[in-house]
Amino acid sequence: MFTPDEWQALGLSLEVAARSVLVSLPFAIAVAWLLARRRFLGRTLLDAAFHLPLVLPPVVVGYFLLVIFGSRGPVGAWLNEQFGLRLVFTTAGAALATAVMSFPLVVRAIRLSIENIDPGLEAAARTLGARGWDRFFSITLPLTLPGILAGVIVAFSASLGEFGAVITFVSNIPGETRTLPLALYTAIQTPDGDAAALRIAALSVSLGLAGLLLSEWLARIVRRRLGP
Amino acid sequence: MLEFDCSLKRGDFLLEVAFSAPSPGVTALFGRSGAGKSTLVALLSGLLTPARGRIVSEGAVLLDSAAGVNVAAEERAVGCVFQDARLFPHLNVRHNLEYGLRRVRGREAPIRFDTIVDLLGLSAMLARRIRELSGGERQRVALGRALLAQPRLLLLDEPLASLDAERRDEVLPYLERLREQLGIPIVYVSHDFDEVLRLAEHLVLLDRGRMVASGPVREMCLSEHLHAIVGASVVGTVLDGIAERIDSAERLATIRCDELFLRVALPQVEPGSHVRLYVPADDVLIALEPPRNVSARNVLSVEITRLEILNGSVLVHLAVAGTALLARITHSAVRELDLRAGKRCFALVKAVAAQGRRFDRRAAGP
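### Notes on the overall build of chain B
For chain B, the helix and strand inventory stands at 10 helices and 21 strands. At 22 Å, chain B has a C-alpha radius of gyration in line with the 21 Å of a compact globule built from 366 residues. Principal-axis analysis of the C-alpha atoms places the extent of chain B at approximately 65 × 50 × 35 Å. Taking all 366 residues of chain B together, the buried fraction comes to 41%. By sequence separation, contacts in chain B at least 24 residues apart represent 68% of the contacts at least 6 residues apart.

Right, dumping it as structure tokens:
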């Protein structure tokens, strides 16, 4: 029913989305915690900076990534020299592009969750002898779980669908950076690719549906565990 | 012994409080809302640092701003029970109880898990989730959790305020048991005078960020500052005594408070047990001659020491057999009987008016 290329695009999409979420999650939790619980100079600026990808055209984000992480960009050249890590035209680069694009969504979801935690619980943990990191891992993080879950699901879905930043930063290379939306775009550009386009679209829809059902199920488990 | 002396400014609110409280025993911090009780709790627990202050508990300096000492809340070992319990919703009862116990870190841990579970009646709910607990059960778990962290001082911040009367009566006996069985000094913050009477030995009165008076509950009951806060109808005398004789046929107990013998409707006490009596000032009558054929079981020969005007009525301070007694009467009665300091008369106390509470102090009395 599906061609090997299409299976490959599907597999690649899932890989890119998974890597993107894995990489961005720790940073997202840290930034969300900073924004929710700390008052510091430049907090508003930091908040705005992380929200930029939401309001910028994805192509612009892709362009900036190219400038910074390109083989001659300041960070890109360093990464290549130190670790032999190349981001342009690679799956890793696609994951980075989708991570940057979905970052504000993850931060937002997690931050809302942290802001909902009664600070009194953390104060109680302090009086019971729980120091900083211990308190964070035993109280704050478990209670943030609903937000983390929501953030992961949103980020994963957004990563599956990211087009502009990916194609600008890492181009459209089969087996390397051609995810489902890029494959769909390619099919539309191909003279008799209508059938292929329809198949890829159907694949995307089923993937989205499965994601939604999964997230609903997970949310229900978390609700049951944490309760009101 | 707890020594506390802190000052702190927060916006318009200035807190300047110094008091010391004996230990072991229960010290009540009592005052209207806005008196600074919650701020005091935060200062004691270390969650808030004052501009200047010194806190010493059982010889351990927890805070001394002059010497640059400020033990962090995590290391203070001041157990806190908050009004809203603050149990961790993602942990079950057992894991909530163990939270502090696991973080004792090398300090001695004489308070055992099983002891606390028994004392607070928690064994049936260990596996339950927090949201399945009633308000009273939550406070019991919060008490247990705080105690298992092996505190040097237990701080109870209106632990009963969010409960209805029935739940309150469910938790109070546990608090009384704690006071008797664990030798940990307790600071009890409350705006409910009844709770204070029931639990506390020492009272610190707070008003608008100041300590206005402090002392043993018995003496504080005579304080005009307290009368102004609790209101005229609640004023009364606290008497600590020992049950001398029990007349079970008449359902009367004779309680000896210093040299004063009071007959009280208290059928369940045992001879020799310690009893705290509370005699409301509204239930004490004054007569110039000893009345005959009167229903009141106690007719006491007293001397008026002082007349205190309180909200349009008069609070008569009486001296009787070495202790004090309060009676609240009208101006008209004062005029008609020509009552003044130094005059001798008789006080009538009904046996059913004196509300008694049994409590057993293992340690030597107050």
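What follows continues from the structure just given.
### What to know about the overall build of chain A
Helix and strand counts for chain A come out as 10 helices and 0 strands. The N-to-C order of helical and strand elements in chain A reads α-α-α-α-α-α-α-α-α-α. Seen through its principal axes, chain A has C-alpha atoms that stretch 70 × 45 × 30 Å. A separation of at least 24 residues holds for 74% of the contacts in chain A among residues at least 6 apart in sequence.

### Some words on the interface of chain A and chain B
In this assembly, 17 residues from chain A lie in contact with 22 residues from chain B. Those elements giving two or more residues to the side of chain A that touches chain B turn out to be helix H6 (119-127), helix H7 (132-161) and helix H10 (194-226) of chain A. With 6 residues, H6(A) is the single largest residue contributor to the side of chain A that touches chain B.

### Section: unusual backbone geometry
Most peptide bonds take the trans configuration, and most residues that are not glycine carry a negative phi. All names here are of chain B. Positive phi is not limited to glycine here, since Arg86 has a value of about 55 degrees. Mapped onto the elements, Arg86 comes out in the loop between strand S7 (78-81) and helix H3 (93-101). Judged by the 22 C-beta atoms lying within 10 Å of it, Arg86 is buried. A positive phi angle, near 55 degrees, is found at Arg251, a position not held by glycine. Structurally, the position occupied by Arg251 is in the loop between strand S12 (236-247) and strand S13 (252-257). A count of 13 C-beta atoms within 10 Å places Arg251 in the partly exposed class.

### A few points about the domain arrangement of chain B
Residues and elements named next belong to chain B. For chain B, the assigned domains read domain 1 (2-226) and domain 2 (236-358). Just the C-alpha atoms count here: the centres of domain 1 and domain 2 sit 33 Å apart. Contacts between the two partners involve 7 residues from domain 1 and, on the opposite side, 10 residues from domain 2. Where the side of domain 1 that touches domain 2 is concerned, the elements lending two or more residues are helix H7 (193-199) and helix H8 (217-220). Of the residues assigned to the side of domain 1 that touches domain 2, the class counts are 4 nonpolar, no polar and 3 charged.

### Structural notes on helix H2 (residues 43-55) of chain A
Helix length check: H2(A), at 13 residues, gives a terminal C-alpha distance of 19 Å against a target of 18 Å (1.5 Å per residue), a fit within 8%. Remark: the principal bend of H2(A), roughly 30 degrees, maps to Ala49(A), with a proline, Pro53(A), within the next four residues.

### Notes on the sheet that holds strand S20 (residues 344-349) of chain B
Residue and element names in this part refer to chain B. One open sheet holds the 5 strands; their spatial order is S16-S20-S17-S18-S19, and the pairing between them is antiparallel. Pairing within the sheet leaves two strands with one partner each, and these edge strands are strand S16 (284-287) and strand S19 (323-329). Each adjacent strand pair in this sheet contributes to an overall mean axis angle of 45 degrees, direction not counted.

### Side note on the environment of Ile116(B)
Residues and elements named next belong to chain B. In this structure, Ile116 sits in helix H4 (residues 113-119). Taking the C-beta count within 10 Å as the criterion, Ile116 has 21 such neighbours and is therefore assigned buried. As a C-alpha pair, Ile116 and Leu325 span 209 residues in sequence and 39 Å in three-dimensional space. Beyond its immediate chain neighbours, meaning those up to four positions away, Ile116 contacts Ile111, Gly144, Leu147 and Leu148.

### Points about the environment of Ala333(B)
Residue and element names in this part refer to chain B. Within the secondary structure, Ala333 sits in helix H10 (residues 331-337). For Ala333, a count of 15 C-beta atoms within 10 Å translates into the label partly exposed. Through-space distance from the C-alpha of Ala333 to that of Val314 is 9.2 Å; in sequence the pair is 19 residues apart.

### Brief notes about the nonpolar core
Proteins that are soluble and globular tend to have nonpolar side chains buried together. Residues Val187(B), Val204(B) and Ala347(B) are the most contacted members of the largest nonpolar core, which totals 114 residues. With 6 residues, helix H5 (residues 135-148) of chain B is the largest single contributor of residues to this core. Taken domain by domain, the makeup of this core includes at least three residues from each of domain 1 (2-226) and domain 2 (236-358) of chain B. Residues in contact with Ala347(B), not counting those within four places in the same chain, are Val284(B), Ile286(B), Leu300(B), Val302(B), Leu318(B), Val320(B), Leu325(B) and Ala327(B). Of all hydrophobic cores here, the second largest spans 53 residues; its members include Val16(A), Leu35(A), Val106(A) and Val170(A).

### Let's talk about the pairing of strand S18 (residues 313-320) of chain B
On a regular strand, each side chain points to the face opposite its neighbour's, so the side chains alternate between the two faces of the sheet. All names here are of chain B. Pairing of strand S17 (residues 298-310) with S18 involves 7 bridges; the strand directions are antiparallel. Across the sheet, residue Leu307 finds its bridge partner in S18, namely Val316. The pairing of S18 with S19 spans 7 bridges and is classified as antiparallel. Paired with Val316 across the strands is Ala327, a residue of S19. The hairpin formed by S18 and S19 contains 2 residues between the paired strands, and Ala321 there has a positive phi angle of roughly 45 degrees.

Cut-offs used in this document
- Residues numbered from 1 in each chain as written.
- Chains lettered and ligands numbered in written order.
- Predicted model: local features only at pLDDT ≥ 70, side-chain atom pairs only at ≥ 80, totals over all residues.
- Helix = DSSP H or I, 4+ residues; strand = E, 2+ residues; numbered from the N terminus.
- Rg over C-alpha atoms; globule rule 2.2 N^0.38 Å.
- Buried ≥ 20, exposed ≤ 12 C-beta atoms within 10 Å, placed from the backbone.
- Contact = placed C-beta atoms within 7 Å.
- Domains from an automatic or database assignment.
- Nonpolar A, V, L, I, M, F, W, Y, C, P; charged D, E, K, R; others polar.
- Expected span 1.5 Å × (residues − 1).
- Bend = angle between axes of the 7 residues up to and from the residue.
- Pairing = 2+ DSSP bridges.
- Axes fitted to C-alpha atoms, helices over the stretch in contact; angles between N-to-C directions.
- Core = buried A, V, L, I, M, F, W, Y, C linked by C-beta atoms within 7 Å.

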